[in-house]
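The residues making up each chain are set out below.
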Amino acid sequence: MTRIDDLPIRDELRGKSPYGAPQLDVPVRLNTNENPYPLPDALVARIAERVAEAARGLNRYPDRDAVELRTALAAYLAKTAGHAVTPEQVWAANGSNEIIQQLLQTFGGPGRRAIGFEPSYSMHALISRGTGTGWISGPRRDDFTIDLAAAVAEIAERRPEVVFVCSPNNPTGTAVSAETVVALYDAAQERGPALVVIDEAYGEFSHQPSLLPLIEGRPNLVLTRTMSKAFGAAGLRLGYLAADPAVVDAVQLVRLPYHLSAVTQATALAALEHTDTLLGYVEQLKTERDRVVRELTAIGYQVTASDANFVQFGVFADNRTAWEAILAHGVLVRDLSVPGRLRVSVGTPAENDAFLDAARAVFKEHTA
Ligand code: PMP
């Protein structure tokens, strides 16, 4: 049998594993930070209408520049993220993962390096590798906040071309303050300009306002967002960025022509028409998130303060056996190899109750 390593693949991919959260068929799946609420019927009907309209034109390529969608996304940000942006400042792609890939293809690549402060979203490192960009694992404090002095020193010494700041951070849930982002941005510009990417995939769930206003007057600052979480549309695959229009022009150099299908554009536009309903679910999830944090703390767990739709908790003697013990109760959570910690996504109240029961049952035997 031919194995991957028998093929003439790139050296840096040899022996590596792909991204892979287990997709197990268990009663309560709280492992990939999805929104537990299916799209409401009125929105499903509107999607069908919009997609039927788009289907009539599928003999043609879609709008390559996705102008109508970018206009709707700009209006959404202006309404909800505390800063007016124009459609020329917004760019969309198939998930924010593709946005990150386009940014790394444009600003990273062979001979260049990106830094992230770990533990953080693993795809920042993986997409860096996939685009031939070197990866620097920057530090965090024991409480999972960014150690600003250490981070600035690392940036000054290693001079990465791309800096990732994930806020709220996955998997810890920690938000990053505007002051910290500005300090990191200034440090990154000191030795020649570098791109700073704020990954705000979970921005809508945060206690703190969006970091979007920071892009004003900072041409090398990019904010990335997604419809996978707050909009409950992970299956849609729609992510976007907001930045100086020059950044949008720059990623045109690497984007595939017609990358965003007419069906995707039509579906996303329908979802954006229902923003108010969908953001209502976000409010419910925030209330449930705060309840999960409170109840886990009451059980005796150490819980990392969360600004996202997931919660990091521990401290376990062994991640893997604790993960298995919770799974034995029919609840799938995530082990991201953060020593002693697991991550649970916030689900419906019933799913959260099932999780909390499991967490209560395994506490004594598995915590350190
Ligand atoms: N950024 C972060 C921090 C994430 O956690 C995720 C998804 N887990 C993404 C980006 C990518 O999301 P998507 O490609 O679905 O937009």
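Quick note: structure is the one above.
None of these values were measured; they are calculated from a predicted model. (Residues numbered from 1 in each chain as written. Predicted model: local features only at pLDDT ≥ 70, side-chain atom pairs only at ≥ 80, totals over all residues. Heavy atoms only, no water.)

### Some remarks on the sheet that holds strand S10 (residues 310-314)
Just so we agree on the cut-off: Two strands qualify as a pair provided DSSP detects at least 2 bridges between them. Note on conventions: DSSP H or I runs of at least 4 residues are helices, E runs of at least 2 residues are strands, and numbering of each starts at the N terminus. By definition, residues are in contact when any of their heavy atoms lie within 4.5 Å. In this analysis, axes come from line fits to C-alpha atoms, helices being fitted only over the stretch in contact, and the angle between any two N-to-C directions falls in the range 0 to 180 degrees.
Strand order in this open sheet of 3 strands is S9-S10-S12, and the pairing throughout is antiparallel. What marks the edges here is a single partner per strand, and that holds for strand S9 (302-303) and strand S12 (342-345). The pairing of S9 with S10 spans 2 bridges and is classified as antiparallel. For Gln302, the partnering residue across the bridge sits in S10 and is Gly314. Here helix H9 (residues 275-299) sits on the sheet in contact with S9, S10 and S12, set at roughly 10° to S10.

### Examining the nonpolar core
Rules: What is meant by a nonpolar core is a set of buried Ala, Val, Leu, Ile, Met, Phe, Trp, Tyr and Cys residues, joined one to another through side-chain atoms within 4.5 Å. Note on classification: 1.4 Å probe, protein chains only; a residue is buried when its accessible area is under 20% of the maximum for its type, exposed when over 50%, partly exposed between these limits. Boundary definitions for the domains trace back to an automatic or database domain assignment.
Core analysis: the largest hydrophobic core is formed by 85 residues, its most contacted members being Leu69, Met227, Leu296 and Phe355. For this core, the element with the most residues is H9, which contributes 8 residues. Residue assignment places this core across two domains, with domain 1 (21-39 + 276-366) and domain 2 (41-273) each supplying three or more. Dropping the residues within four chain positions of it, Leu69 is found in contact with Ala92, Leu238, Leu260, Gln265, Ala268, Leu269 and Leu272. Within the second largest apolar cluster, 23 residues are counted, among which are Leu103, Phe164, Leu241 and Ala250.

### Points about the site of the ligand
Selection rule: Throughout, the term near means that a residue has one or more heavy atoms lying within 4 Å of the molecule or strand in question. Counting of polar contacts relies on pairs of N or O atoms within 3.5 Å, with two restrictions inside protein: one atom must be capable of donating a hydrogen and the other of accepting it, and residues adjacent in sequence are counted only when both atoms are side-chain atoms. Exposure was quantified through the Shrake-Rupley algorithm and a 1.4 Å probe, taking into account, for residues, occlusion by the shown protein chains and nothing else. Lining residues are defined by having an atom within 4 Å of a point belonging to a cavity or pocket. Those points lie on a 1 Å grid over the protein atoms alone, cavities being sets where a 1.4 Å probe fits but cannot get out and pockets being open sets with protein on both sides within 12 Å along at least five of seven lines. Cavities and pockets are treated as containing a molecule whenever more than half of the molecule's atoms lie within 2 Å of their grid points.
Around the ligand sit 13 residues, and of these Ser96, Tyr202, Thr226, Ser228 and Arg237 come closest. At 2.6 Å from an oxygen atom of the ligand is found a side-chain nitrogen or oxygen belonging to Tyr202. Measuring from an oxygen atom of the ligand, one finds a side-chain N or O atom of Thr226 at 2.6 Å. Contact with the protein chains hides 94% of the accessible area of the ligand, taken as 400 Å² for the molecule alone. Among the cavities detected, the one that contains the ligand is the largest pocket. Here the shell around the ligand takes 3 residues from helix H3 (residues 95-107), the largest share from any one element.

### Overview of the layout of surface pockets
Using the following cut-off: Grid points are joined across faces, edges and corners, and a volume is the space filled by probe spheres set on the points. Only Asp, Glu, Lys and Arg are considered charged in this grouping, and only Ala, Val, Leu, Ile, Met, Phe, Trp, Tyr, Cys and Pro are considered nonpolar; every other residue, Gly among them, is considered polar.
What the largest pocket holds in volume is close to 650 Å³. What lines the largest pocket is a set of 33 residues, among which Tyr19, Thr32, Asn97, Tyr121 and Lys229 lie closest to the centre. Considering every element that reaches the lining of the largest pocket, the biggest residue donor is H3, with 4 residues. In terms of residue class, the lining of the largest pocket is built from 12 nonpolar, 14 polar and 7 charged. Residue assignment places the lining of the largest pocket across two domains, with domain 1 (21-39 + 276-366) and domain 2 (41-273) each supplying three or more. Considered as a void within the structure, the second largest pocket measures approximately 220 Å³ in volume. Along the walls of the second largest pocket sit 15 residues, with Ala54, Glu68, Ala262, Gln265 and Ala266 positioned nearest its centre. If you list the elements that add at least two residues to the lining of the second largest pocket, you get helix H1 (41-55), helix H2 (67-80) and helix H8 (262-273). Examining the composition of the lining of the second largest pocket, we find that 4 residues originate from one element, H8, more than from any other.

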